[in-house]
Amino acid sequence: MTDQTRWGIDVVQQENKARYYDKQNTTKLHEAQDIFKETNGLDNISEYTMKKFREIMLGGRQWDAHIINVKI
């Protein structure tokens, strides 16, 4: 295991985490954009695709249809 007390290791780890976070968010953004375009602005969307879109937009958090006031 790497010695965590050496100077600079925490800075490198933070930069790596930030880079990974940005990459993941960019990927999710592109997925959401693709779904939006393919479904004609979410007008023609299947239940599975809508579930996937909501998961992307909510960041993995659970959603509840009656709280969001959306009928499925």
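Details of the structure are given in the entry above.
A short tour of the structure in this document, coming up.

Considerations on the overall build of the protein chain
Broken down by element type, the protein chain carries 3 helices and 0 strands. The helix and strand sequence of the protein chain, counted from the amino end, reads α-α-α. Summing over all exposed atoms, the protein chain offers an accessible surface of approximately 6,600 Å²; the carbon and sulfur share of this is 52%.

Observations concerning the nonpolar core
Core analysis: the biggest nonpolar cluster contains 5 residues, these being A32, I35, M50, F53 and I56. The greatest single-element share of this core, amounting to 3 residues, is contributed by helix α2 (residues 47-58).

So, helix α1 (residues 9-38)
When the terminal C-alpha atoms of α1 are compared, their 44 Å separation across 30 residues agrees well with the 44 Å that a helix rising 1.5 Å per residue should span. Buried residues of α1: I9, A32 and I35, and no others. Residues of α1 that are buried sit in contact with α2. With its phi angle positive at about 55°, N40 sits one or two positions after the end of α1.

The rules behind the values
- One numbering rule holds for all chains: residues counted from 1, following each sequence as written.
- Where totals are concerned, whole chains, interfaces and linings use all residues; where local detail is concerned, this predicted model gives features only for residues with pLDDT of at least 70, and gives and counts side-chain atom pairs only at 80 or more.
- Based on all heavy atoms of the structure, the side-chain values leave hydrogens and waters out of the count.
- The numbering of helices and of strands both runs from the N terminus, where a helix is a DSSP run of H or I of at least 4 residues and a strand a run of E of at least 2.
- Here the Shrake-Rupley method, with its probe set to 1.4 Å, supplies the accessible areas, and only the displayed protein chains count as covering residues.
- Residue types Ala, Val, Leu, Ile, Met, Phe, Trp, Tyr and Cys, when buried and joined through side-chain atoms within 4.5 Å, form a set referred to as a nonpolar core.
- Only protein chains enter the accessibility calculation, which uses a 1.4 Å probe; a residue whose area is less than 20% of its type maximum is buried, one above 50% is exposed, and one in between is partly exposed.
- For a helix, the expected span equals 1.5 Å multiplied by the residue count minus one.
- Two residues form a contact once any of their heavy atoms are found within 4.5 Å.

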